[in-house]
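So you can see what is in the structure, the chains are spelled out below.
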Amino acid sequence: MFSKRTGWERAPNALSLAIEEARRDPRFVDLTISNPTAIGIDPDPELLRSLADPRSLRYEPHPLGLPSARAAVSEYYRRRGVDVDPERIILTATTSEAYTFLFRLLLDPGDRVAVPTPSYPLFSFLAELADVELTHEHYGADAIIVVSPNNPTGLCPTAIERAHLVRDDTPLIADEVFLDYLISSRFGEQTFANEDGALAFTLSGLSKVAGLPQLKLSWIAVSDHPYAEEAIARLEIIADTFLSVSTPVQHALPALLDHAEVFQRALRSRLARNRALLPSHARVGDGGWYAILPLDRDDEEVALQLLTEQRVLVHPGYFFDMETPAIVISLLPDEEAFGRAVASLANAGTGS
Ligand SMILES: Cc1ncc(COP(=O)(O)O)c(C=O)c1O
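Just so we're clear, the structure is a prediction, and the values are computed from it rather than from any experiment.

A. Local environment of the pattern of salt bridges. Applying the stated criterion across every chain, the model contains 21 salt bridges. Where D131 meets R5, a salt bridge forms, and the shortest distance between an N and an O atom there is 2.9 Å. Taken together, the residues D131 in the loop between α4 (122–129) and β4 (133–135) and R5 in the segment before α1 (14–23) connect sequence positions 126 residues apart. With its nearest N and O atoms 3.0 Å apart, the salt bridge here joins R340 to E336. In this pair, R340 and E336 are both assigned in helix α11 (residues 335–347), four residues apart and thus about one turn of the helix distant. Residues participating in the shared-partner salt-bridge network are E75, R78, R79, R80, D180, D258 and E261.

B. Quick look at the environment of R311. Within the secondary structure, R311 is located in the loop between α10 (299–310) and β10 (312–313). What makes R311 buried here is its relative accessible area of 11%. Sequence separation of R311 and R23 is 288 residues, and the distance between their C-alpha atoms is 7.9 Å. Residues within four places of R311 in sequence aside, it is in contact with E21, A22, D25, R27, F28, V29 and L306.

C. View of the environment of L105. With respect to the element layout, L105 can be found in helix α3 (residues 95–106). Of the residues examined, L105 reaches a relative accessible area of 17% and is grouped as buried. Separated by 175 residues in sequence, L105 and S280 have C-alpha atoms that sit 44 Å apart. Other than its neighbours up to four places away in sequence, L105 contacts F201, A231, R234, L235 and I238.

D. Just the pairing of strand β9 (residues 290–294), in detail. In terms of burial, β9 is largely enclosed, as five of its five residues are buried. Covered by surrounding structure in β9 are Y290, I292 and P294 together with A291 and L293, the residues of both alternating faces.

E. Main features of the nonpolar core. Judged by nonpolar contacts, the single largest core of 71 residues is most densely connected at Y99, F103 and I329. Contacts of I329, omitting those with residues within four sequence positions, involve L31, L278, W289, Y290, A291, L293, V314, F338, V342 and L345. Counting residues in each nonpolar core, the second largest holds 31 residues, with A69, Y76, L217 and A260 among its members.

F. Examining helix α9 (residues 247–276) more closely. Compared with an ideal rise of 1.5 Å per residue, which puts 30 residues at 44 Å, α9 spans 42 Å between its outermost C-alpha atoms and is within 8% of the ideal. The sharpest bend along α9 measures roughly 60° and falls at L253, with the proline P254 sitting one to four residues further on. N-capping of α9 is provided by S246, with a side-chain oxygen placed 3.4 Å from the backbone N of V249.

Reading guide: rules and limits
- Residues numbered from 1 in each chain as written.
- Predicted model: local features only at pLDDT ≥ 70, side-chain atom pairs only at ≥ 80, totals over all residues.
- Heavy atoms only, no water.
- Salt bridge = Lys/Arg side-chain N within 4 Å of Asp/Glu carboxyl O.
- Helix = DSSP H or I, 4+ residues; strand = E, 2+ residues; numbered from the N terminus.
- Buried < 20%, exposed > 50% of the residue type's maximum accessible area, 1.4 Å probe, protein only.
- Contact = heavy atoms within 4.5 Å.
- Core = buried A, V, L, I, M, F, W, Y, C linked by side-chain atoms within 4.5 Å.
- Expected span 1.5 Å × (residues − 1).
- Bend = angle between axes of the 7 residues up to and from the residue.
- Polar contact = N/O pair within 3.5 Å; in protein donor to acceptor, adjacent residues only side chain to side chain.

Below, the structure written as structure tokens:
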């Protein structure tokens, strides 16, 4: 009756059962939180007025996105000192959808896409649904994904790593959803949106840039490469098949990207305050929303112990395919809950 690719193991495991119980405890702190609308940094409700533009009463489908919305994304890059022609911008509903479109554009069934390690677990589902294989080897891959800054390590590629990534014969997918949250390097130095040494597809969107994942607008910026025009023409047909980005969010985009500056100011100061509460052995890379605490014992065991004894939920490193034991914590919670949870991590012996 059903496809083999959807035969996922769905039975709850020991951790998911313990989470349900811990959530009922008033001491519970979720250090896996990634939802920016649930952390007490709330937009002014007036922002919703931008979605009520009367132009949205009219449906004029543009597969790549409304010209005004593509221009707004180009302006987002211009404000960061990066020149990206609106003609090279394609709108999608989510970054996950952008990945799916790109897998369909670049890969045939069984082709290999290289993903970073560690990396967040969505890739295995995206690859399965698109009938492509994941590899950690760049050599022989048909497309390469770089997540910069990486989720969860926060690392961006070094100059040497970048030179290896940019190869004329292998398309690159650069996931830059966290690039506005760099600690020390600069956006313009790191982005692949104006990288012309490879056919590069740079992904970002409102989820992380403006803290508005519920509005469903992301984008792909195609680098200025000899194959760019052909890539965009083919993506236009893929996008035309779905036409998934709503008209109101496209008309609202300039206001939503203005709001991004307000949201980011508030979140950046929260991230800095929470980073200051971390133990000295924690690693945060060069940005992003997470920190890694290396462990000297099994991470699943520690995660379960923290949950049952301290009521603190963390991700064990294996969730991200980390090779050595570690826990991954979100830097998004408010400082009071975060400080309390970090103190209980130390009590539970996760310091080293
Ligand atoms: C690195 C990275 N890319 C993409 C996404 C998905 O973003 P979207 O909500 O736009 O699909 C996430 C979500 O957490 C992420 O961590």
